[in-house]
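Survey of secondary and tertiary structure
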Amino acid sequence: MPRALLDDTAAFDDTAALGDAAALAATIAARDADRADQERRLAGHTFDALVAAGFARHFVPRRWGGAEGGFADLVRRAAALAEDGCPSAAWCAALLAAHGRFAAFLPARAQQELWGATPDVRIAAAISPPAGTAEPLPVGGWRLNGQWRYASGVDFADWVLLAAWEPSGSGPRARVLALPAGDFATRQTWDADGLRGTGSNSVLADSVLVPPHRSFLLADMLAGRPDAAARCHAVPAQLAGGLLFAAPALGAARRALRLWSRWAGAAPHREAGAVHLALARSSAEADAARLLLADAARRADTDPVTEHLVARNRRDAVATVDLLVTAVGRLVRTGGPDTGPEAGPEAGELQRLWRDVRTVASHGALRPQPAADAYAAAVLGPEAD
């Protein structure tokens, strides 16, 4: 089935709008998707293509040559990369951008060290939950020790941001510290069922000395800086964090729908009614998810920031992924190119996409109960407790 028949609002994620570099990145990612799944990391040239497409510089301050871009544009581009390329590559691309936004909370001296030569710096991060310890030193700075899990794309990182516990007079507090490549080690621990190509391995720090200017409090990043010149640095992290995680799931689900529809239209089926019903329901759910995500991303870029807005966006990120899990799950249960004598060169891809969508949905930022509690508190007030 032609792609146009699946979406009458293709402007949301039209690859042509992404530019030549982004289109090339999608082509390279699609070609290497099976390899990434098997090797549990992206190929080096795939990661290079993501950087060339501008993902690393998306939120970097303009003073360093970055784009100070918007959330809606990043959501659109990441979803398109997942649909036309590879969900694991799209996940790494979205996080490349997000980590540049995190690093913008570093003091100016550290930003100069990161981006003084180029805004296209590869930054990995492991900040939630905080782990390890940051011991304050008498001369200033910290001694960092610990192990952090799930640092997507860390094998290609120039820098890594790690959240560790620092003692303080009111009890431990989380501090984010920036380490250049060479100051940390990695351990191959990524064994998730889906998004295998993200290479979300562990980071180890053994008595690493971190100077004072390479750090900020995690609470500052979570709250945002209302006086920041760029909207992307001013807003609280939870306003758009879940949306960036949901974008690769949207692209994966839309790609799954394209594959499944091609199979469904190739030959008559014994249970034609069930096939037609699955197509109608799953395509409607995918469209609903796309509209929810696009509207939430637009609000993140434009609407006045309130507790209600943050809670609503968290709610909609979770609802988006719930819809996508339901949509792709129905397609898998109804059959597809991976089953029976009709299986062809696409065999296995539908199952991989299904694993990817489920793995996105399992991320801590997309847990339904915390999002529901936050929304209830914003709508109902203190009595919600």
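All residue numbers refer to position in the chain's written sequence, counted from 1. At least 70 in pLDDT is required for a residue's local features to be given in this predicted model, at least 80 for side-chain atom pairs to be given and counted, and no such filter applies to totals for whole chains, interfaces and linings, which use all residues. Heavy atoms from the whole structure form the basis of all side-chain values; hydrogens and water molecules are not counted.

Section: the packing of aromatic side chains
Applicable threshold: Two rings from Phe, Tyr or Trp (for Trp, the six-membered ring) form a pair when their centres sit within 6.5 Å of each other. Planes less than 30 degrees apart are called stacked, planes more than 60 degrees apart edge-to-face, and all others tilted. Note on conventions: DSSP H or I runs of at least 4 residues are helices, E runs of at least 2 residues are strands, and numbering of each starts at the N terminus. Relative accessibility under 20% of the residue-type maximum defines a buried residue, over 50% an exposed one, and the middle range a partly exposed one, all with a 1.4 Å probe and only protein chains included. Our definition puts a charge over a ring when NZ of Lys or CZ of Arg is within 6 Å of the ring centre and also within 35 degrees of the ring normal.
Scanning all chains against the criterion turns up 6 aromatic pairs. Ring geometry for Phe59 and Phe71: centres 5.2 Å apart, planes at 50°, overall tilted. Taken together, the positions of Phe59 in the loop between helix H3 (44–52) and helix H4 (71–84) and Phe71 in helix H4 put the pair 12 residues apart, joining distant regions of the chain. Accessibility expressed as a relative area gives 0% for Phe59, which makes it buried. Over the ring of Tyr375 we find Arg315; its NZ or CZ atom is 4.7 Å from the centre of that ring. Positioned above the aromatic ring of Trp354 is the side chain of Arg358, whose terminal nitrogen or guanidinium carbon lies 4.8 Å from the ring centre.

What about unusual backbone geometry?
With an omega of 0°, the peptide bond running from Ser128 to Pro129 counts as cis. Positionally, Pro129 belongs in the loop between strand S1 (123–126) and strand S2 (133–136). Although it is not a glycine, Arg40 sits at a positive phi angle of roughly 60°. With respect to the secondary-structure elements, Arg40 resides in the loop between helix H2 (33–39) and H3. The backbone phi angle of Leu195 is positive, close to 50°, even though this residue is not glycine.

Quick word on the confidence of the model for the protein chain
We count it as follows: Confidence scores labelled pLDDT are given residue by residue by the predictor and lie between 0 and 100. Whether two residues are in contact is decided by their heavy atoms, any of which lying within 4.5 Å being enough.
Put simply, the protein chain has an average pLDDT of 91, and 91% of its residues get 70 or more. The low-confidence segment residues 1–18, where pLDDT is below 50, has 33 contacts with residues more than four positions distant or belonging to other chains.

Regarding the environment of Ser261
On the secondary structure map, Ser261 appears in helix H9 (residues 241–266). Here Ser261 falls in the buried class, since its relative accessible area comes to 2%. Separated by 75 residues in the primary sequence, Ser261 and Gly336 have C-alpha atoms spaced 8.3 Å apart.

Thoughts on the pairing of strand S4 (residues 159–166)
Which entries qualify depends on this criterion: Pairing between strands requires that DSSP locate at least two bridges from one strand to the other.
With 7 of 8 residues buried, S4 lies mostly within the body of the structure. Judged from the 4 bridges that link them, S1 and S4 form a sheet pairing that is parallel. In the sheet register, Ala125 faces S4, and the bridge partner there is Leu161. Across 8 bridges, the pairing between S4 and strand S5 (residues 173–180) is antiparallel. Across the sheet, Leu162 pairs through a bridge with Leu177, a residue of S5. Linking S4 back to S5 in an antiparallel pair, the connection comprises 6 residues, with Gly171 at a positive phi of about 110°.

So, the packing of H9 against helix H12 (residues 349–361)
Note the cut-off: Every axis corresponds to a line fitted to the C-alpha atoms, with the helix fit spanning only the stretch in contact, and the corresponding angles, defined between N-to-C directions, vary from 0 to 180 degrees. Roughly parallel here means an angle under 35 degrees, roughly antiparallel means over 145, roughly perpendicular means 65 to 115, and every remaining angle is called oblique. When the near helix sits turned anticlockwise from the far one by under a right angle, the crossing is termed left-handed; a clockwise turn instead gives a right-handed crossing. Each residue gets one label: Ala, Val, Leu, Ile, Met, Phe, Trp, Tyr, Cys and Pro are nonpolar, Asp, Glu, Lys and Arg are charged, and the others, such as Gly, are polar.
Look at H9 against H12: their axes get within 9 Å of each other, and the N-to-C directions meet at 155°. Between H9 and H12, the angle falls in the class roughly antiparallel. Here the hand of the crossing between H9 and H12 comes out left-handed. For the pair H9 and H12, contact is made by Phe245, Ala246, Ala249, Ala252, Ala253, Arg255, Ala256, Leu259 and Trp260 and by Glu349, Leu350, Leu353, Val357 and Val360, respectively. For the contact of H9 with H12, the class distribution of residues is 12 nonpolar, no polar and 2 charged.

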